[in-house]
Amino acid sequence: MSESATIDRELLEGAHEALRTAVRGVAAQDWTLPTPCDQWNVTQVLQHAAGDQLAYVAAMTGSGGPSADPFAPSGQLDDTPLAVVDQALRASARAWAAIAGDATGVPTPLPQGVLPGWLAAGACALDAAVHAWDIAVATGQDSPLTPAMARPLMAVASQIVEPLRGFAYAPALSGDDGDDAAALLRYLGRRPDWTR
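Worth saying up front: this structure is predicted, and the values here are computed from it rather than measured. (Residues numbered from 1 in each chain as written. Predicted model: local features only at pLDDT ≥ 70, side-chain atom pairs only at ≥ 80, totals over all residues. Heavy atoms only, no water.)

Here we take up the overall build of the chain. Secondary structure assignment for the chain yields six helices and zero strands. Here the chain has a C-alpha radius of gyration of 15 Å; the compact-globule value for 196 residues is 16 Å, and the two agree. Counting only C-alpha atoms, the chain reaches 45 × 40 × 30 Å along its principal axes. Burial status across the chain gives 51% buried among its 196 residues. The contacts of the chain with a sequence gap of at least 6 include a subset with a gap of at least 24, amounting to 71%. Surface accessibility of the chain: about 9000 Å² in total, with carbon and sulfur atoms responsible for 51%. With 11 positive and 22 negative side-chain charges, the chain shows a separation of 2 Å between the mean positions of the two kinds. (Helix = DSSP H or I, 4+ residues; strand = E, 2+ residues; numbered from the N terminus. Rg over C-alpha atoms; globule rule 2.2 N^0.38 Å. Buried < 20%, exposed > 50% of the residue type's maximum accessible area, 1.4 Å probe, protein only. Contact = heavy atoms within 4.5 Å. Areas by Shrake-Rupley, 256 points an atom, 1.4 Å probe, with all protein chains shown as cover. Lys, Arg positive; Asp, Glu negative; His and termini not counted. Charge placed at Lys NZ, Arg CZ, Asp CG, Glu CD.)

Structure follows, in structure tokens:
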């Protein structure tokens, strides 16, 4: 994609809805289950995902950031899981609605800082979609990461992931079997066939 590409609002909305749907699908007894995110349970992944969305809000607006470090989730929620994710996703959607579709420079919480609008929105969508997958597979739900969603997210990942290896992403995993969603997950260091 070129830097003149426009923000894919459908991709962002789809990723947000995937995260919301995954959270809705978690049974009360499953919030402490392990996830593909090393050493984090389902609640901690939810806290991290919500915190990341709020970090994008803070970068774009100068306010509304996470109240805790998204990379050190406590596993203790101050509200219901759905309320936690809804609050973060609504704030993120409002912040993105104020960004022009063809924005050339959008502040992000990523080490790369300011990115073209399409890439910044794609990075925010990538975060939501992958954590939706983490929560869904950890709790026995169907994967929300469809091949149609994975294709544009791979274009984003190939632009932003390498500087984040070892911090936010594990080393890429080899393998060429599977669909676009499996390829994206392997690129991000996640096993598409992960089980508890």
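The next point concerns the pattern of salt bridges. Pairs can form between side chains of opposite charge whenever their charged atoms are close. Counted under the stated rule, the structure contains seven salt bridges. Here Arg20 and Glu17 are joined by a salt bridge, their closest N and O atoms 3.3 Å apart. Remark: Glu17 and Arg20 occur in helix 1 (residues 9–24); sequence separation between them is three residues, near one turn of the helix. Arg20 sits in the buried class, given a relative accessible area of 15%. Overall, Glu17 belongs to the partly exposed group, its relative accessible area being 33%. Here Asp86 ties to Arg20 by a salt bridge, and the two come within 2.5 Å at their closest N and O atoms. In this pair, Asp86 sits in helix 3 (residues 81–97) while Arg20 sits in helix 1, placing the two residues 66 residues apart along the sequence. Among the ionic contacts, a cluster of salt bridges with common partners joins Glu17, Arg20, Arg24 and Asp86. (Salt bridge = Lys/Arg side-chain N within 4 Å of Asp/Glu carboxyl O.)

This part is about the environment of Ser74. Locating Ser74 in the fold gives a position in the loop between helix 2 (42–61) and helix 3. Along the chain, Ser74 and Thr43 lie 31 residues apart, while their C-alpha atoms are 8.6 Å from each other. Of note is the side chain of Ser74, whose polar atom sits 3.0 Å from the backbone nitrogen of Gln76. (Polar contact = N/O pair within 3.5 Å; in protein donor to acceptor, adjacent residues only side chain to side chain.)

On to helix 3. Here helix 3 is 17 residues long and its end C-alpha atoms lie 24 Å apart, about the 24 Å a rise of 1.5 Å per residue gives. If you check which residues of helix 3 are buried, you get Val84, Val85, Asp86, Ala88, Leu89, Ala91, Ser92, Ala95 and Trp96. The elements touched by buried residues of helix 3 are helix 1, helix 2 and helix 4 (117–138). (Expected span 1.5 Å × (residues − 1).)

In a regular helix each residue adds 1.5 Å, so 16 residues correspond to 22 Å; helix 1 covers 22 Å between its end C-alpha atoms and thus fits that length. Every buried residue of helix 1 is listed here: Leu11, Leu12, Ala15, His16, Ala18, Leu19, Arg20, Ala22 and Val23. The inward-facing, buried residues of helix 1 contact helix 2, helix 3, helix 4 and helix 5 (147–160). Looking at where helix 1 begins, the residue whose side-chain oxygen comes 3.3 Å from the main-chain nitrogen of Glu10 is Asp8.

With respect to the helices and strands, the residue Pro81 is situated in helix 3. Along the chain, Pro81 and Pro111 lie 30 residues apart, while their C-alpha atoms are 28 Å from each other. Not counting the four nearest positions on each side in its chain, Pro81 is found in contact with Val23, Trp31 and Leu46.

With that out of the way, let us pick up the side chain of Asp134. Tracing the backbone through its elements, the reader meets Asp134 in helix 4. Side chain to side chain, Asp134 and His131 meet in a polar contact 2.9 Å long. Aside from chain neighbours lying at most four places away, what touches Asp134 is Thr35, Pro36, Cys37, Val45 and Arg190.

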